[in-house]
Amino acid sequence: AQKVTQAQTEISVVEKEDVTLDCVYETRDTTYYLFWYKQPPSGELVFLIRRNSFDEQNEISGRYSWNFQKSTSSFNFTITASQVVDSAVYFCALSESITGNQFYFGTGTSLTVIP
Amino acid sequence: DTAVSQTPKYLVTQMGNDKSIKCEQNLGHDTMYWYKQDSKKFLKIMFSYNNKELIINETVPNRFSPKSPDKAHLNLHINSLELGDSAVYFCASNQLGLAGLGTDTQYFGPGTRLTVL
């Protein structure tokens with residue numbers, strides 16, 4: 001079973017629009033971490049955020065914000081006023097304390113921002 | 001001052017050859033990983049080493065052999081390369097968290113694009 005589901009395979013938005021990337025996870029652990037990574041066309045994987053299971057506060061960093069809701073097992077990522085440089089594949093990931101150091105990545109959402 | 005580095009960045013080779021990819025991290029982490037990313041961008045864990053000891057070994061053909069000479073290096077050797085091995089291979093590292101506290105962020109190298117002809 002997929003532990004991390006990113007149902008949106010591809011999204012296209014026009015520049016300056018807001019866009020939300022969905023991430024739903026599955027775990028029986030009470031202690032876990034959630035992550036978002038960005039993979040731009042140049043190919044590297046860039047860490048964006050880490051959130052632990054005990055901290056449900058939403059986070060904002062510039063145009064980026066994250067909404068963590070344990071009740072729906074979701075950790076969604078919103079980009080406000082999107083820019084062409086936001087075009088990338090975005091990965092959500094989960095790590096659980098019971099499985100130690102293993103990350104479970106979603107299948108990624110490819111975001112294209114059209115100028 | 002690159003955190004996680006991989007060499008080479010591109011590798012083009014013929015079927016049947018043997019090749020190696022090197023990875024080094026200067027973050028002081030104790031755990032390193034190899035991932036394979038296929039053409040559909042799916043990231044699949046292959047191996048993980050903690051302090052030079054193998055701790056994750058997913059279902060990977062035994063033509064793939066990781067080697068960790070020290071905790072800052074994790075190399076990947078591939079024997080008898082096949083067409084299906086063409087992919088981008090990422091090295092990553094992190095510091096294992098304490099029991100019950102989950103795991104620390106994984107930091108990735110730039111990737112090695114392997115093309116088998």
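Scope of this entry: the structure provided in the associated data block. (Residues numbered from 1 in each chain as written. Chains lettered and ligands numbered in written order. Predicted model: local features only at pLDDT ≥ 70, side-chain atom pairs only at ≥ 80, totals over all residues. Heavy atoms only, no water.)

**Considerations on the packing of aromatic side chains**
This is how the line gets drawn: Think of it this way: a Phe, Tyr or Trp ring, Trp meaning its six-membered ring, pairs with another when their centres are within 6.5 Å, and the plane angle makes it stacked under 30 degrees, edge-to-face over 60, tilted otherwise. Helix and strand labels come from DSSP, where a helix needs a run of H or I of at least four residues and a strand needs a run of E of at least two; each type is numbered from the N terminus. Throughout, exposure labels follow a simple rule: accessible area from a 1.4 Å probe, protein chains only, divided by the maximum for the residue type, with under 20% read as buried, over 50% as exposed, and the rest as partly exposed. Two limits define a charge over a ring: the Lys NZ or Arg CZ must be within 6 Å of the ring centre, and within 35 degrees of the ring normal.
For the structure shown, the criterion picks out 23 aromatic pairs over all chains. A centroid spacing of 6.3 Å and a plane angle of 50° characterise the contact between A:Tyr25 and A:Phe68, whose relative ring orientation is tilted. Within this pair, whereas A:Tyr25 is found in strand β4 (residues 24-25), its partner A:Phe68 is found in strand β8 (residues 64-69), the two being separated by 43 residues in sequence. Each member of the pair, A:Tyr25 as well as A:Phe68, carries the same accessibility label: buried. An aromatic cluster of at least three residues, connected via ring pairs, comprises A:Tyr33, A:Phe35, A:Tyr37, A:Phe47, A:Phe91, A:Phe103, A:Phe105, B:Tyr33, B:Tyr35, B:Phe90, B:Tyr107 and B:Phe108. Taking the ring centre of A:Tyr104 as reference, the NZ or CZ of A:Lys3 above it sits at 5.2 Å.

**Regarding the sheet that holds strand β8 (residues 73-78) of chain B**
All names here are of chain B. For the record, the criterion: One requirement defines pairing of two strands: DSSP has to find at least two bridges between them. To get an axis, a line is fitted to the C-alpha atoms, and for a helix only the part in contact is used. The angle between two axes follows their N-to-C directions and goes from 0 to 180 degrees.
With antiparallel pairing, four strands are arranged side by side in an open sheet as β1-β3-β8-β7. One side of each edge strand has no neighbouring strand; the edge strands of this open sheet are β1 (4-7) and β7 (64-70). When strand polarity is set aside, the average angle formed by the axes of neighbouring strands in this sheet is 20°. Two elements, strand β3 (residues 19-25) and β8, share four bridges in a ladder whose sense is antiparallel.

**Description of the interface of chain A and chain B**
Cut-off, in case you're wondering: Should any heavy atoms of two residues lie within 4.5 Å, those residues are counted as being in contact. In this description, buried area is defined as the sum, over both parts, of the accessible area (probe of 1.4 Å) that is lost when the two are combined. What makes a salt bridge here is a side-chain nitrogen of Lys or Arg within 4 Å of a carboxyl oxygen of Asp or Glu, nothing more. We call two N or O atoms a polar contact when they sit within 3.5 Å, provided that within protein one can donate a hydrogen and the other can accept it, with sequence-adjacent residues counted only if both atoms are side-chain atoms.
Contact with chain A, which involves 20 residues of that partner, is made by 25 residues of chain B. Here chain A and chain B share an interface that buries about 1900 Å² over both sides, 58% of which is from carbon and sulfur atoms. Summed over the shared surface of chain A and chain B, the number is zero salt bridges. Remark: the boundary between chain A and chain B carries two residue pairs in polar contact (both at pLDDT 80 or more). At the level of secondary structure, the elements contributing two or more residues to the side of chain A that touches chain B comprise β5 (32-39), β6 (46-52), β10 (88-96) and β11 (103-105) of chain A. Examining the composition of the side of chain A that touches chain B, we find that four residues originate from one element, β5(A), more than from any other.

**Regarding the state of the cysteines**
For clarity, the cut-off: Pairs of cysteine sulfur atoms within 2.5 Å are what we label disulfides.
Within the structure shown, the criterion is met by two disulfides over all chains. Here A:Cys23 connects covalently by a disulfide to A:Cys92, the sulfurs 1.9 Å from one another. Residues A:Cys23 and A:Cys92 share a disulfide whose torsion about the S-S bond is about -65°; that sign makes it left-handed. Taken together, the residues span a long stretch of sequence, with A:Cys23 in the loop between β3 (19-21) and β4 and A:Cys92 in strand β10 at a distance of 69 residues. The pair A:Cys23 / A:Cys92 is uniform in exposure class, with both members buried. Here B:Cys23 connects covalently by a disulfide to B:Cys91, the sulfurs 1.8 Å from one another. Around the S-S axis, the bridge from B:Cys23 to B:Cys91 shows a dihedral of about -75° and counts as left-handed. Remark: B:Cys91 occurs in strand β9 (residues 87-94) and B:Cys23 occurs in strand β3; sequence separation between them is 68 residues. Like B:Cys91, B:Cys23 is buried.

**Quick word on the environment of B:Ser86**
Residues and elements named next belong to chain B. Within the secondary structure layout, Ser-86 lies in the loop between β8 and β9. A relative accessible area of 30% places Ser-86 in the partly exposed class. Residues Ser-86 and Lys-40 lie 46 residues apart in sequence; the distance between their C-alpha atoms is 12 Å. Discounting residues that sit within four places of it in the chain, Ser-86 has contacts with Leu-114, Thr-115 and Val-116.

**Focus: the pairing of strand β9 (residues 74-79) of chain A**
Residues and elements named next belong to chain A. Among the six residues of β9, five are classified as buried, and the element is accordingly described as predominantly covered. Pairing of β8 with β9 involves six bridges; the strand directions are antiparallel. Bridge assignment links Trp-66 to a residue of β9, and that residue is Phe-77.

**Notes on the pattern of salt bridges**
Residue and element names in this part refer to chain A. Counted according to the given criterion, the structure contains six salt bridges over all chains. Salt-bridge contacts for Asp-86 lead to Arg-63; the nearest nitrogen and oxygen are separated by 2.8 Å. On the criterion of sequence distance, the pair formed by Asp-86 in the loop between β9 and β10 and Arg-63 in the loop between β7 (59-61) and β8 is long-range, its members being 23 residues apart.

**A word on the environment of A:Lys70**
All names here are of chain A. Within the secondary structure layout, Lys-70 lies in the loop between β8 and β9. Spatially, the C-alpha atoms of Lys-70 and Val-24 are 9.9 Å apart, while their sequence positions differ by 46 residues. A distance of 2.9 Å separates a polar atom in the side chain of Lys-70 from the backbone oxygen of Ser-53.

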